Amino acid sequence: MSILTVKQLTKQFGGLTANSNINMDVQKGSITAVIGPNGAGKTTLFNMVTGVYQPTSGDILLNGESIVGLKPHQVAQKGISRTFQNIRLFGAMTVLENVMVGMHTHLRSGLFHTMFSTPLMRKEEKEAKQEAYRLLQYVGLESLYNEEAKNLPYGAQRKLEIARALATKPKVLLLDEPAAGMNPKETAELTKLIYHMREQLQLTIILIEHDMKLVMEISEHIIVLDHGEKIAEGTPDDIRNNEKVIEAYLGKGATTAS
Ligand SMILES: Nc1ncnc2c1ncn2[C@@H]1O[C@H](COP(=O)(O)OP(=O)(O)OP(=O)(O)O)[C@@H](O)[C@H]1O
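Residues numbered from 1 in each chain as written. Predicted model: local features only at pLDDT ≥ 70, side-chain atom pairs only at ≥ 80, totals over all residues. Heavy atoms only, no water.

1. Structural notes on the packing of aromatic side chains
To keep things clear, this is the line we draw: Two aromatic rings, drawn from Phe, Tyr or Trp (for Trp, its six-membered ring), form a pair once their centres lie within 6.5 Å of each other, and the interplanar angle then sorts them: stacked below 30 degrees, edge-to-face above 60, tilted otherwise. Labels follow the DSSP assignment, with helices taken as runs of H or I lasting at least four residues and strands as runs of E lasting at least two, numbered in each case from the N terminus. Using a 1.4 Å probe on the protein chains alone, a residue whose accessible area is under 20% of its type maximum counts as buried, one over 50% counts as exposed, and one in between counts as partly exposed. Placement of a charge over a ring requires the Lys NZ or Arg CZ to be within 6 Å of the ring centre, with the centre-to-atom vector within 35 degrees of the ring normal.
According to the stated counting rule, one finds two aromatic pairs in the structure shown. On the numbers, 5.3 Å between centres and 75° between planes, the contact of Phe13 with Tyr53 is edge-to-face. Of this pair, Phe13 sits in strand β1 (residues 2-13) while Tyr53 sits in the loop between α1 (42-49) and β4 (57-62), placing them 40 residues apart in sequence. Its relative accessible area of 29% is what places Tyr53 among the partly exposed residues. For the ring pair Tyr133 and Tyr145, a centre distance of 5.7 Å and an interplane angle of 80° mean the geometry is edge-to-face. Here Tyr133 is found in helix α5 (residues 119-139), whereas its partner Tyr145 is found in the loop between α5 and α6 (154-166), with 12 residues between them in sequence. For Arg88, the ring lying beneath its charged end belongs to Phe84, and the centroid distance is 4.0 Å.

Below, the structure written as structure tokens:
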């Protein structure tokens, strides 16, 4: 059963077509990778799915319902969450607070309760703290909960972004280059975390990644973009042996031995 469907999706920036008639069907509970050379349009696709950019044309369906036109926070409320290629944490805030920021879409108390510190607000704050701590435990960062985010090593910052993305209780999680800058040990931990999230949280995961070893190991389905167009899709074996993909990407330094 597909959870996310992208139909004839196109995005133009002036004269540049960053995504051209992209079709994509993501199966519920699957791990899908979007790969391709720099500038192929991968992040633009994520930006449209998460409401950051509005498509020039085409449709995006979550469980059969169009989400085009929704703002990013509304898309998050519908169940799609993401991390960013360039880490976007609040550096001066603690690790725990960074996760709590991700929760605001689910809290019931509004400005009135916040201003007057009502019992409802205090109860929600306490629950949010507990939930944030539980998410830190989930990604293995609980011992660092009180550190400022900017002091965390790079790999830990990427995990913190994932914890924050989980705070909105997503059904679909988009990871934009989650292994970028990670050492092999951190990448191995990330691989395990991705599997756990899929199994234990019943998540559907879509990742953009240049680490082909990780992509080939973890993905059930791979979509290849080049110059804004989908040039291939299939299983890791299909993609590894696809002449077009080798020509456009795999043969040009994106080796499987990284
Ligand atoms: N806001 C924008 N305004 C103008 N052009 C943009 C904008 N965002 C992306 N582009 C252009 O769209 C094209 C696709 O960019 P995109 O970031 O989606 O590629 P990518 O596949 O994610 O690349 P990378 O692997 O380097 O992150 C590029 O030519 C880029 O310069």
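2. Details of the domain arrangement of the protein chain
To keep things clear, this is the line we draw: How far each domain reaches was decided by an automatic or database domain assignment. Throughout, a contact is declared for two residues whenever any of their heavy atoms are within 4.5 Å. A quick way to say it: buried area is the sum, across both parts, of accessible area lost when two parts are put together, with a 1.4 Å probe. Salt-bridge detection follows one rule: a side-chain nitrogen of Lys or Arg within 4 Å of a carboxyl oxygen of Asp or Glu.
The domains assigned to the protein chain are domain 1 (1-79 + 170-258) and domain 2 (90-168). Domain 1 and domain 2 are separated by 27 Å when their C-alpha centres are compared. Each side of the interface is counted separately: domain 1 has 21 residues, and domain 2 has 11 residues. Between domain 1 and domain 2 the total buried area reaches about 1300 Å² when both faces are included, carbon and sulfur atoms providing 68% of it. Salt-bridge contacts for Lys159 lead to Glu189; the nearest nitrogen and oxygen are separated by 2.9 Å.

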